[in-house]
Amino acid sequence: MNVERLKRRFNKMAEIGATERGGVQRLALSDLDKEARDLWMKWAREANFNVRFDDFGNMYARLNGRFPEKRPIVLGSHLDSVPQGGRFDGTLGVLVGFEIMESLKERELELQHPVEVAVFSNEEGARFPTPMLGSGAITGVFTKQHVYDMKDNNELRFEDELKRIGYQGEETNRLKQVEAFIELHIEQGPVLESRTIPVGVVKGIQGLSWHQVQFSGESDHAGTTPLDHRKDPLLSAVRAVYRINSWVNSLNDETLVTFGKFHTMPGTINVIPSEVTFSMDIRHPDRSTLLNRVEVAKRLVREIALEDDTLSLCEDLSFMPPVDFDHSLIETLKESCGHQGIEYLELFSGAGHDAMYLNRLGRTVMVFTPSTGGKSHCEEEETSWEDIKLASAAMEQTVAKLSLSRQEIIDT
Ligand SMILES: [Zn+2]
């Protein structure tokens, strides 16, 4: 592949919505998103790819190969960003995919499968408040009406904005079953960088379970109630948070727990609270382990309530099961790294990605590049071109293995 051309395109794309401190701001279906889409479409037409967009504004560029009726190998990600976001999140995967497809075309190899690059709408969920909206819509996670009626902060509808920027296409243009979907993305965490490993082979996306925990006790006067006469639910809540966190820490595995919201009733400086509620977010890449962690956390809550003579309630808010990527694709990706002497690490994604839903259309895998300082969703987001080169090379060879005949792989 032509890394200089990839870099040129990357820098050109980063100019659209460029922020003062080196990031980008391109909210989904905004004028800047339209500008980025127009540029990408222009490149795709110049490269003589077949282009189309579907009824959610997901865009596709395609190289037919010898058997256009076969299932395609799809590479891709997203071009929208969060407010004051970085240049790499999403865009890198779109442009690396594009470069791989273009170099396949230039080498005039006989493709055994069509190859496509896909750009999905509103992945960030920063403007229309559901992440991975475009990929979720074509895979049956969300209904068309739900997506179309979704509104931004200014009460503007998804469908109206899609029409306004000129990217409402035909339903028949949606991506259907795929032979494979491969998404290259920045890690957005510190693991690869801290171990100085250039490529992450992503085994799946961890699952999450959200809960609201409530402790109730007895409200009373702060100045007249001796400490040993109190049933203070805040103390129970604090003890529960501390005990659950210590337990998770002692597991020393991939379990994560976060208590992000805290609320006391009545919430007055001189009153012992009557009720305390807080959120609990638990994550793990394995489904049954995740369920087990949730059960133990709930048991710890009940134990504390019993010890403190307070009452507890644990309400389930939502559950997203872990996603496992395809074993054969993971192996092919690892072999591609091995052949080229590229060091890799197998890991799970902590964040959601389009690949999570694309999993429903066929086998899927992701490739991670290191994030400098583990930072993402900010203007400081950075990945070195040395790392990008290695991850792209691993991905390119994987695509070649999937799309070319045995003889052509030997010849290349
Ligand atoms: Zn992303």
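Numbers given to residues run from 1 along each chain, matching the order in which its sequence is written. The model is predicted, so local features are restricted to residues of pLDDT at least 70 and side-chain atom pairs to those at 80 or more, both for listing and for counting; the totals for chains, interfaces and linings are taken over all residues. The side-chain figures draw on all heavy atoms in the structure; neither hydrogens nor water molecules are used.

Under an unreviewed UniProt entry, the chain has the name Zn-dependent hydrolase and belongs to Halobacillus salinarum.

Draft legend 1. Layout of the layout of surface pockets. Looking at the largest pocket, its volume works out to about 490 Å³. Forming the boundary of the largest pocket are 27 residues, of which Pro131, Met132, Met320, Ala351 and Gly352 lie nearest the centre. Runs of H or I in DSSP of at least four residues are treated as helices and runs of E of at least two as strands, each being numbered from the N terminus. Those elements that place two or more of their residues in the lining of the largest pocket are β7 (207-216), β13 (311-320) and α11 (354-358). The nonpolar class holds Ala, Val, Leu, Ile, Met, Phe, Trp, Tyr, Cys and Pro. Asp, Glu, Lys and Arg form the charged class, and all remaining residues, Gly among them, are polar. Tallied by class, the residues present in the lining of the largest pocket amount to 14 nonpolar, nine polar and four charged. Forming the boundary of the second largest pocket are 19 residues, of which Glu187, Val191, Leu347, Phe348 and Gly350 lie nearest the centre. Looking at the lining of the second largest pocket, the element that brings in the most residues is strand β15 (residues 344-349), giving five residues. Looking at which domains feed residues into the lining of the second largest pocket, each of domain 1 (3-205 + 322-411) and domain 2 (207-320) gives three or more. Throughout, the protein atoms alone are placed on a 1 Å grid, and a set of points is a cavity if a 1.4 Å probe fits but cannot get out or a pocket if it is open with protein on both sides within 12 Å along at least five of seven lines; lining residues have an atom within 4 Å of a point. Grid points are joined across faces, edges and corners, and a volume is the space filled by probe spheres set on the points. Annotation comment: domain bounds sourced from an automatic or database domain assignment.

Draft legend 2. Seen up close, the domain arrangement of the chain. Domain annotation for the chain reports domain 1 (3-205 + 322-411) and domain 2 (207-320). Computed over C-alpha atoms, the centres of domain 1 and domain 2 are 39 Å apart. Listed as interface residues are five residues of domain 1 and, on the opposing side, eight residues of domain 2. Both faces considered, domain 1 and domain 2 share a buried interface measuring about 470 Å² in area, 67% of it formed by carbon and sulfur atoms. A 1.4 Å probe defines the accessible area here, and the buried area is the portion of it lost by two parts on being joined, summed over both. Contact with domain 2 buries surface across domain 1, with Pro322, Phe348 and Met356 losing the most and accounting together for 79% of the total. The term polar contact refers here to a pair of N or O atoms within 3.5 Å; inside protein, the definition further demands a hydrogen-donor-capable atom paired with an acceptor-capable atom, and it admits residues adjacent in sequence only when both atoms are side-chain atoms. Along the contact surface separating domain 1 from domain 2 lie zero residue pairs in polar contact (both at pLDDT 80 or more). When grouped by side-chain class, the residues that make up the side of domain 1 that touches domain 2 number four nonpolar, one polar and no charged. Contacts were defined at the residue level, with two residues in contact if any of their heavy atoms lie within 4.5 Å.

Draft legend 3. Quick look at empty space enclosed by the protein. Counted under the stated rule, the structure contains two cavities of 30 Å³ or more. One number sums up the size of the largest cavity: a volume of about 40 Å³. Looking at side-chain class alone, the lining of the largest cavity contains one nonpolar, four polar and four charged residues. Its boundaries defined by the atoms lining it, the second largest cavity holds a volume of some 30 Å³. Along its surface, the second largest cavity is lined by Asp33, Arg37, Met59, Leu79, Asp80, Val119, Phe120, Ser121 and Asn122. Broken down by class, the residue content of the lining of the second largest cavity amounts to four nonpolar, two polar and three charged.

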